[in-house]
Amino acid sequence: MNVNQLSQRLARVADYLPKGAHFADIGSDHAYLPCFVCLHDLEARAVAGEVNQGPFDSAKNEVEKHGLEERIDVRLGDGLTVVQKGEVEQVVIAGMGGPLIRDILDGGKEKLSNVNRIVVQPNIDSRSLRKWFYEQGFLLVDETIIEENGHIYEILVAEKGNPSACYNNETFEKEMWLGPFLLESQTEPFIQKCREEWKKKQYIVSQMKQAYSPDEEKLKQQNKEIQWLEEVLRK
């Protein structure tokens, strides 16, 4: 992967940024994403945040190589501490676990007052992000799921708005877990993910049942989620 050839995962993330974006890319690594966006959109500007010195240095070098120092500010710091309140209009956090992304957003939520779009790509546990968006007054406006090099990735996009608008009250818990847009589109990567989840949960239930005193509430929840997956796989 490089600036001219992003991974499919990051290319889809870039697609969700509007023309003329002024965004923060948190955990920017080599700054491939902000460089790609700014090279293809002369009005775009970015803050590339990195918490570790090595990736920070790599990002600085990449930005300088493409002559983008005037439009991409590479900053060393933890999470959203690298931006000022009201400084950016979009936030991207990609390639981390869902709970870590949630904690970064929650730890810097005072910085989100002017942010009109958040794009996240969690490697695991997208449910924790849907829940955070819902609780913080962000409406989930789109979701994508892709398969790349044997891995399945979800991308979630949220904007300020009525967080209930995308959910059905009768299937709220199921949609919060599996994703309302993903349940609607039923793409092959989504079906593949559901198959894998079904296998994992069957194993978990079999192990729980062997316990001397199984946790009945947890067992009930696992069986409920298995039922939801089977509803998807029967279609």
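Calculation criteria
- Note on numbering: residues in each chain are counted from 1, in written sequence order.
- Restriction of local features to residues with pLDDT of at least 70 applies here, the model being predicted, together with a cutoff of 80 or more for giving and counting side-chain atom pairs; totals for whole chains, interfaces and linings are based on all residues.
- Side-chain figures throughout are based on the complete set of non-hydrogen atoms in the structure, without hydrogens or water.
- For this analysis, a nonpolar core means a set of buried residues of the types Ala, Val, Leu, Ile, Met, Phe, Trp, Tyr and Cys, connected via side-chain atoms within 4.5 Å.
- Accessibility here uses a 1.4 Å probe with only protein chains present; expressed as a share of the type maximum, an area under 20% marks a residue as buried, one over 50% as exposed, and anything in between as partly exposed.
- Secondary structure elements are taken from DSSP: a helix is a run of H or I of four residues or more, a strand is a run of E of two residues or more, and numbering for both begins at the N terminus.
- Pairs of residues are marked as contacts when any of their non-hydrogen atoms sit within 4.5 Å.
- Multiplying 1.5 Å by the residue count of a helix minus one yields the expected span of that helix.
- Nitrogen and oxygen atoms within 3.5 Å of one another constitute a polar contact, given that in protein one can donate a hydrogen and the other can accept it, and given that sequence-neighbouring residues count only through two side-chain atoms.
- Salt bridges are identified by distance alone: a Lys or Arg side-chain nitrogen within 4 Å of an Asp or Glu carboxyl oxygen.

Caption draft 1: Layout of the nonpolar core. One finds Val37 and Ile72 to be the most contacted residues of the largest nonpolar core, which totals 30 residues. Broken down by secondary-structure element, the contributors of at least two residues to this core are helix H1 (8-15), helix H2 (32-40), strand S2 (45-50), helix H3 (53-65), strand S3 (72-76), strand S4 (90-96) and strand S7 (151-160). The element best represented in this core is H2, accounting for six residues. Every residue in contact with Ile72, bar those within four places of it in the chain, is listed here: Pro34, Cys35, Cys38, Ala46, Ala48 and Val63. Grouped together as the second largest cluster of nonpolar side chains are 28 residues, Val82, Val88, Ile104 and Val120 included.

Caption draft 2: Local environment of helix H9 (residues 216-234). Across its 19 residues, H9 extends 27 Å between first and last C-alpha, which sits within 8% of the 27 Å expected from 1.5 Å per residue. For H9, the set of buried residues is Leu219, Gln222, Glu225, Ile226, Trp228, Leu229 and Val232. Two to three positions downstream of the cap, the backbone nitrogen of Glu217 sits 3.1 Å from a side-chain oxygen, assigning the N-cap of H9 to Asp215.

Caption draft 3: Local environment of H2. Buried residues dominate H2, accounting for seven of its nine residues. Buried residues in H2 make contact with H1, strand S1 (22-26), S2, H3, S3 and S4.

Caption draft 4: Up close: unusual backbone geometry. Of note, Asp29 is a non-glycine position whose phi angle comes to about 60°, a positive value. Within the element layout of this structure, Asp29 appears in the loop between S1 and H2. Judged by its relative accessible area of 38%, Asp29 falls in the partly exposed class. Phi is positive for Gln186, which is not a glycine, with a value near 50°. With respect to the secondary-structure elements, Gln186 resides in the loop between helix H7 (180-185) and helix H8 (188-209).

Caption draft 5: Structural context of the pattern of salt bridges. Following the criterion strictly, the structure yields 16 salt bridges and no others. The shortest N-O distance in the salt bridge between Arg127 and Glu225 comes to 3.1 Å. A residue pair is termed long-range when its members are at least 10 positions apart, and Arg127 in helix H5 (residues 127-135) and Glu225 in helix H9 qualify at 98 residues. The exposure class of Arg127 is partly exposed, given its relative accessible area of 27%. Close ionic contact of Arg195 with Glu188 constitutes a salt bridge, the shortest N to O distance being 3.4 Å. In this structure Glu188 comes out as partly exposed when scored by relative accessible area, which is 48%. Among the charged side chains, a salt-bridge network with shared partners connects Arg130, Glu143, Glu154 and Lys193.

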